[in-house]
Amino acid sequence: DPQQIELATASKRKLRRFIVIDEVVDKLYGSKVRAYFEENNVQHKILALPTTEETKSMDLVLNILHEVQNFSLDRRTEPIIAIGGGVCLDIVGLAASLYRRRTPYIRVPTTLLSYVDASVGAKNGVNFLQCKNKLGGYTPPVASFLDRSFIQSIPRRHISNGLGEILKMALMKHKGLFDLLKNHGKYLLDTKFQSCNGLADHGDAALQTTRIAIETMLEELAPNLWEDDLDRLVDFGHLISPELEMRVLPSLMHGEAVNVDMAFMTYVAHARGLLGAQDKEQILQCMRGLELPVWHGGCSWALIQRALRERLKHSGGQPRMPLPTGLGVADIFNDTSEETLERAYKMWVKD
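Residues numbered from 1 in each chain as written. Predicted model: local features only at pLDDT ≥ 70, side-chain atom pairs only at ≥ 80, totals over all residues. Heavy atoms only, no water.

Per an unreviewed UniProt entry, the chain goes by the name ARO1 protein and belongs to Nicator chloris. The Cofactor (unreviewed entry) comment attached to the chain in UniProt states, word for word, "NAD(+)". (UniProt positions renumbered as here; feature names shortened; annotations may be inferred.)

This is the structure in structure tokens:
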């Protein structure tokens with residue numbers, strides 16, 4: 001905004017920024033971040049923290065807020081900047097929403113998962129009493145800055161992890177995105193989502209895939225930002241996975257747990273007659289091609305029952321179960337019987 005730039009540069013006061021960066025990202029890019037603020041004559045404080053699912057707690061939020069208070073932020077003109085994966089973005093978003101009731105913040109995602117998922121929408125939160133994201137709120141960032149060059153430094157498994165959330169949107173809303181993943185999945189893993197010239201047969205699969213994933217996510221989230229309507233296609237893969245992910249930490253990453261959930265729900269859709277055998281196999285084959293787990297021993301029948309009971313508690317007494325009804329098309333169902341779920345589970349275990 002030219003007016004904002006004019007105000008910022010005309011002010012006698014030196015620009016100031018408070019940055020929270022994941023400690024692993026800090027080792028890789030911290031020197032560049034510091035050089036950037038120094039070159040632009042910005043007074044800054046960089047707080048490097050271990051932001052993992054195990055440390056995602058109110059304690060870390062309070063730690064950040066102590067530092068913010070010491071830095072003495074202007075709550076309207078000095079946004080907090082979060083640089084890291086989804087956990088970092090979630091924690092900083094919650095801290096910003098609490099400080100003086102709402103301090104602006106900026107998201108800079110550095111993993112594929114956070115690029116296509118945590119950077120989009122208004123939600124933030126932390127884990128509480130071994131429950132995923134039990135405390136949180138809805139405070140959108142003032143901006144999300146997306147730069148795929150960060151993704152080249154993350155391990156292959158983390159890229160596969162992010163592909164789980166992209167596949168979710170493909171199965172729910174976009175057959176073209178599913179085809180991109182099916183045809184270019186290995187290439188995207190090999191090239192770490194960097195746009196490479198001279199590989200014409202793949203086009204710019206990285207740009208296409210991430211753009212479509214984010215656009216379809218925005219289509220779903222924007223009209224229902226505060227989740228007033230609890231019928232949400234983006235909840236696919238998130239019925240069983242919160243319970244599973246917290247139960248088996250750290251053996252499954254978020255996108256991997258989501259994919260295990262999606263694999264089971266694909267069997268549920270098949271058991272209900274919503275999905276033919278051929279489509280079911282295509283989905284599972286695509287998952288394997290993306291190097292995602294389609295099964296985990298921790299996902300017992302008892303855990304599934306417990307997770308679905310928990311689901312009823314916070315979804316208005318209805319399961320609101322998103323299920324694929326084809327490739328790239330889906331609907332929400334409230335009438336899946338226990339017998340159908342158990343039949344799907346036995347089929348899944350057998351396979």
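There's plenty left to go through after this.
What follows concerns the nonpolar core. Among the nonpolar cores identified, the biggest contains 70 residues, and L167 and F264 are the most heavily contacted of them. When residues in this core are grouped by element, the largest group, 11 residues, is from helix α10 (residues 254-271). Here this core spans two domains, since at least three of its residues come from each of domain 1 (2-152) and domain 2 (156-224 + 232-350). Sequence-distant contacts of L167, that is, excluding residues within four places in its chain, are made with F178, L181, N259, M262, C286, M287 and L290. Within the second largest apolar cluster, 25 residues are counted, among which are V20, L47, F71 and Y99. (Core = buried A, V, L, I, M, F, W, Y, C linked by side-chain atoms within 4.5 Å. Buried < 20%, exposed > 50% of the residue type's maximum accessible area, 1.4 Å probe, protein only. Helix = DSSP H or I, 4+ residues; strand = E, 2+ residues; numbered from the N terminus. Domains from an automatic or database assignment. Contact = heavy atoms within 4.5 Å.)

Another point: the pairing of strand β3 (residues 80-84). Look at any regular strand and the pattern is simple: side chains alternate between the two faces of the sheet. Most of β3 is tucked away, with five of its five residues classed as buried. The side-chain alternation of β3 yields two buried faces, one formed by I80, A82 and G84 and the other by I81 and I83. When strand β1 (residues 16-22) meets β3, the two strands line up parallel, connected through four bridges. Directly across from I19, in β3, lies its bridge partner I81. As paired elements, β3 and strand β4 (residues 105-109) share five bridges and run parallel to each other. Bridged to I80 within β4 is Y105. Note on the crossover from β3 through helix α4 (residues 86-98) to β4: the handedness is right-handed. (Pairing = 2+ DSSP bridges. Right-handed = clockwise from strand over helix to strand, strands pointing away.)

This brings us to the packing of aromatic side chains. This structure, assessed with the given rule, holds nine aromatic pairs. Taking 4.9 Å as the distance between ring centres and 80° as the angle between the ring planes, the aromatic pair formed by Y29 and F150 counts as edge-to-face. A residue pair is termed long-range when its members are at least 10 positions apart, and Y29 in helix α2 (residues 23-39) and F150 in the loop between β7 (143-144) and α6 (156-173) qualify at 121 residues. By the burial criterion, Y29 is buried, and F150 matches it. With a centroid separation of 5.7 Å and 40° between ring planes, the pair formed by W301 and Y345 is classed as tilted. One end of the pair, W301, is in helix α12 (residues 301-313); the other, Y345, is in helix α13 (residues 338-350), and 44 residues separate them in sequence. With a relative accessible area of 13%, Y345 lands in the buried category. Here the aromatic residues F264, W295, W301, Y345 and W348 are joined through ring pairs into a cluster of three or more. (Phe/Tyr/Trp six-rings, centres within 6.5 Å; stacked < 30°, edge-to-face > 60°.)

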